[in-house]
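Below are the chains, spelled out letter by letter.
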Amino acid sequence: MISSFIITGFLGVGKTTLLLNTVKEYFKDRKIAIIVNEFGEVGVDGKVLKNVYSQVLEISEGCICCKLSQEFEKGVIEILQNYNPEIIFVETSGTSEPFPIFLSLQNLGMSVDGVICVIDTKNFDTYKEHSTAKYQIGGSNILVLNKIDLVDENTLKKVEEEVKQIKEKYNVKNVLTGQPIFKTYALYKTEFGKLPKEVFDGAYRIDEIIKIGNEGYESGHIIQDSFSEKIVYLPEDIEFKEIDRMLSNLPKNVYRVKGIVKTKDIPSPILINYSFGNLSYSELPDYKGSSFLVFIGSNIEAQKLIRLN
Ligand SMILES: Nc1nc2c(ncn2[C@@H]2O[C@H](COP(=O)(O)OP(=O)(O)O)[C@@H](O)[C@H]2O)c(=O)[nH]1
Ligand SMILES: [Mg+2]
């Protein structure tokens, strides 16, 4: 049976980082396929992951848990037929819920060996009230408290308690039987998503085959959380400091910025990653496409964000 893992978690918590750090480390000699669903029509993670893995399928422009479930299943079937992978990893968008994706994978005959929810320990307070974040925890069986390098012992303890409570309350149940679908769960604490190998060895395989349709599961998705995104294509003759200045002064309604930008003064294209006020840059030398930034948040007005000369 082909095994699969789902990586879920809110915007910017470290899902792609976890994939880069663990999959590359533990599965060098295995045939891996990665499916990445990004919020919005332009993918950044797909480009980053493609630098490392050859088989990366990008599904954009909506979320695979609701609007795009058919496209998702079609994509999985194509990957199975064309590439014949041993293991499939699915990174959901930060606004997706994992449970419908879990059902899709099971329906396609795959073994789901873990639903991993990455949690941003540093910024948990700022997003924990979003219902999507709660259902992501409730629908997973491996909880990963990430970014622990950025918090003290007390914060870590507090977030751990909160996450456990949310797990208890939002644990997905089969509405027909009233029983929780994942009987147990594991909790890990990581920096940059570095999970131990044991997580991927099948110890958290979900054996129970869930035979309910999507309608057998209730969630508050779509209705309660509203996000939007704006894409801005940039000219290539700008200076790095202009980009840096703009990104250092973002308003609070912008949660997440990702993009790949070419500048006048730095030879390699730069990968930009902004989440919850933390900004990071890295180089992406092989990138050949255009320069763009994707802003994710609520009520975003891109023209007000970008004031380039
Ligand atoms: N300090 C710190 N930064 C992290 C950690 N994990 C991820 N990041 C950074 O957080 C940002 C978002 O990470 P990414 O993996 O793209 O998040 P995703 O949207 O969930 O896929 C990037 O700039 C990462 O380098 C961590 O454990 N500690
Ligand atoms: Mg990502």
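The rules behind each value
- Residues numbered from 1 in each chain as written.
- Chains lettered and ligands numbered in written order.
- Predicted model: local features only at pLDDT ≥ 70, side-chain atom pairs only at ≥ 80, totals over all residues.
- Heavy atoms only, no water.
- Pairing = 2+ DSSP bridges.
- Helix = DSSP H or I, 4+ residues; strand = E, 2+ residues; numbered from the N terminus.
- Axes fitted to C-alpha atoms, helices over the stretch in contact; angles between N-to-C directions.
- Contact = heavy atoms within 4.5 Å.
- Near = heavy atom within 4 Å.
- Polar contact = N/O pair within 3.5 Å; in protein donor to acceptor, adjacent residues only side chain to side chain.
- Areas by Shrake-Rupley, 256 points an atom, 1.4 Å probe, with all protein chains shown as cover.
- Nonpolar A, V, L, I, M, F, W, Y, C, P; charged D, E, K, R; others polar.
- Buried < 20%, exposed > 50% of the residue type's maximum accessible area, 1.4 Å probe, protein only.
- Core = buried A, V, L, I, M, F, W, Y, C linked by side-chain atoms within 4.5 Å.
- Phe/Tyr/Trp six-rings, centres within 6.5 Å; stacked < 30°, edge-to-face > 60°.
- Lys NZ or Arg CZ within 6 Å of the ring centre and 35° of its normal.

## With respect to the sheet that holds strand E12 (residues 292–297)
So, step 1. Ordered by their spatial adjacency, five strands build an open sheet running E8-E12-E9-E10-E11, and the pairing between neighbours is antiparallel. Strand pairing shows two members of the sheet lacking a second neighbour, strand E8 (228–233) and strand E11 (278–283), which therefore form its edges. Strand-to-strand, the axes of this sheet are offset by a mean angle of 10°, without reference to chain direction.
So, step 2. The sheet contact formed by strand E10 (residues 270–275) and E11 spans six bridges and is antiparallel. Looking at E11, one finds that Leu271 is bridged to Ser282.
So, step 3. Of the strands in this sheet, strand E9 (254–261), E10, E11 and E12 are in contact with helix H8 (residues 240–247), which crosses E11 at around 155°.

## Details of the site of ligand 1
So, step 1. Lining the immediate surroundings of ligand 1 are 18 residues, of which Lys15, Thr17, Phe192, Arg256 and Ser280 lie closest.
So, step 2. Interatomic distance of 2.8 Å between a side-chain N/O atom of Asp149 and a nitrogen atom of ligand 1.
So, step 3. Against a free-state accessible area of 590 Å², the protein chains account for coverage of 88% of ligand 1.
So, step 4. It is helix H1 (residues 15–26) that contributes the most residues to the shell around ligand 1, three residues altogether.
So, step 5. Residues of the shell around ligand 1, tallied by class, amount to three nonpolar, eight polar and seven charged.

## Topic: the side chain of Ser4
So, step 1. Following the sequence through the fold, Ser4 ends up in strand E1 (residues 3–8).
So, step 2. Classification of Ser4 by relative accessible area gives buried; the value is 0%.
So, step 3. Residues contacting Ser4, with those up to four places away along its chain left out, are Ile88, Leu105, Met110, Ser111, Val112, Asp113 and Gly114.

## Some thoughts on the nonpolar core
So, step 1. Phe89, Ile116 and Ile119 are the most contacted members of the largest nonpolar core, which has 46 residues in total.
So, step 2. If we skip the residues at most four places from it in the chain, Ile116 touches Phe5, Ile6, Ile7, Thr8, Leu18, Ser140, Ile142, Val144, Leu195, Val199 and Phe200.
So, step 3. Membership of the second largest hydrophobic core comes to 21 residues, among which are Ile79, Tyr83, Ile181 and Phe182.

## Focus: the packing of aromatic side chains
Here the distance between the centres and the angle between the planes together describe a pair of aromatic rings.
So, step 1. Summed over all chains, the structure comprises 14 aromatic pairs.
So, step 2. Measuring from ring centre to ring centre gives 6.0 Å for Tyr26 and Phe200, while their planes differ by 45°; the resulting arrangement is tilted. Placement of Tyr26 in helix H1 and of Phe200 in the loop between strand E7 (186–189) and E8 is noted, with a sequence separation of 174 residues between them.
So, step 3. Residue class for Tyr26 comes out partly exposed when judged on its relative accessible area of 24%.
So, step 4. Using a relative accessible area of 6% as the deciding quantity, one classes Phe200 as buried.
So, step 5. The ring of Tyr83 has Lys31 lying over it, and the distance from NZ or CZ to the ring centre is 4.9 Å.

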